[in-house]
Amino acid sequence: DKVLVQKSGYFARSAAANSADRHLIERCATKAVECGLAGVAGCIGEDEEQGDELRAIEFERIAGGKAFDTSQRWFTDMCAEISQPIVTDKSTNPAADMGVLNNA
C-alpha cells in the first residue's frame, strides 16, 4: 500500500549544509532506518513534546494549520548565520505565515 502524506506548509533553505546540519541529517537517516526495520511508522524529527527526543513522530500528530514561529532562537540564529532576512510582512511575502522567506 502507498500512502500520500501532505502538509500545507513547509520550511526549506538553499544554503549549503554546515557540520551541524550534516550531523542532524546523519542522525535522522540512521533513526529512519532503525524505525523502518522495526516497523515503526512516522516522520523522523526531534519531538518537542518528548523532550526533543529524535524519534518517529506519529503522523496523526503532524497537522497543518500551525503558524511557523519565526522568533524561535534556532531559526533566527540560522538566518543570521546565512545572512537571510526574516520577512513577516504578508504584503511583501504572501507566504510569510508559513515561515517562507523572501530573498530580499
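Computed from a predicted structure; not experimentally measured.

Which residues make up the overall build of the protein, and what values go with them?
Within the protein one finds 2 helices and 2 strands. Of the contacts made within the protein by residues no fewer than 6 positions apart, 30% connect residues no fewer than 24 positions apart.

An account of helix H1 (residues 19–38) is requested, with residue identities and associated values reported.
Here H1 is 20 residues long and its end C-alpha atoms lie 29 Å apart, about the 28 Å a rise of 1.5 Å per residue gives. Taking the backbone nitrogen of Ala20 as reference, a side-chain oxygen 3.0 Å away marks Asn18 as the first, capping residue of H1. Once H1 ends, the next one or two residues include Gly39, with phi positive near 75°.

I'd like a description of the pairing of strand E2 (residues 53–57), backed by residues and values.
Burial within E2 is extensive, with 4 of its 5 residues counted as buried. As paired strands, strand E1 (residues 43–47) and E2 are joined by 5 bridges and run antiparallel to one another. When the sheet's bridge partners are listed, Asp47 is paired in E2 with Glu53.

Provide a residue-level description of unusual backbone geometry, including the pertinent values.
Located in the positive-phi region is Asp52, a residue other than glycine, with phi close to 65°. With respect to the helices and strands, the residue Asp52 is situated in the loop between E1 and E2. Of note, the phi angle at Ser83 is positive, near 55°, even though the residue is not glycine. Given the relative accessible area of 65%, Ser83 is considered exposed.

I'd like a description of the environment of Ile62, backed by residues and values.
Tracing the chain through its elements places Ile62 in the loop between E2 and helix H2 (73–81). Between the alpha carbons of Ile62 and Cys43 there is a distance of 8.3 Å; along the sequence they are 19 residues apart.

Describe the pattern of salt bridges, with residues and values.
Across all of its chains, the model carries 8 salt bridges by this definition. Here Glu46 and Arg27 are joined by a salt bridge, their closest N and O atoms 3.2 Å apart. Separated by 19 residues along the polypeptide, Glu46 in strand E1 and Arg27 in helix H1 bring together distant segments of the chain. With relative accessibility at 30%, the residue Arg27 sits in the partly exposed group. A salt bridge links Asp47 to Arg55; its shortest N-O distance comes to 2.8 Å. Three or more residues are tied together by salt bridges with common partners; here these are Asp47, Glu49, Arg55, Glu58 and Arg61.

The rules behind the values
- Residues numbered from 1 in each chain as written.
- Predicted model: local features only at pLDDT ≥ 70, side-chain atom pairs only at ≥ 80, totals over all residues.
- Heavy atoms only, no water.
- Helix = DSSP H or I, 4+ residues; strand = E, 2+ residues; numbered from the N terminus.
- Contact = heavy atoms within 4.5 Å.
- Expected span 1.5 Å × (residues − 1).
- Polar contact = N/O pair within 3.5 Å; in protein donor to acceptor, adjacent residues only side chain to side chain.
- Buried < 20%, exposed > 50% of the residue type's maximum accessible area, 1.4 Å probe, protein only.
- Pairing = 2+ DSSP bridges.
- Salt bridge = Lys/Arg side-chain N within 4 Å of Asp/Glu carboxyl O.

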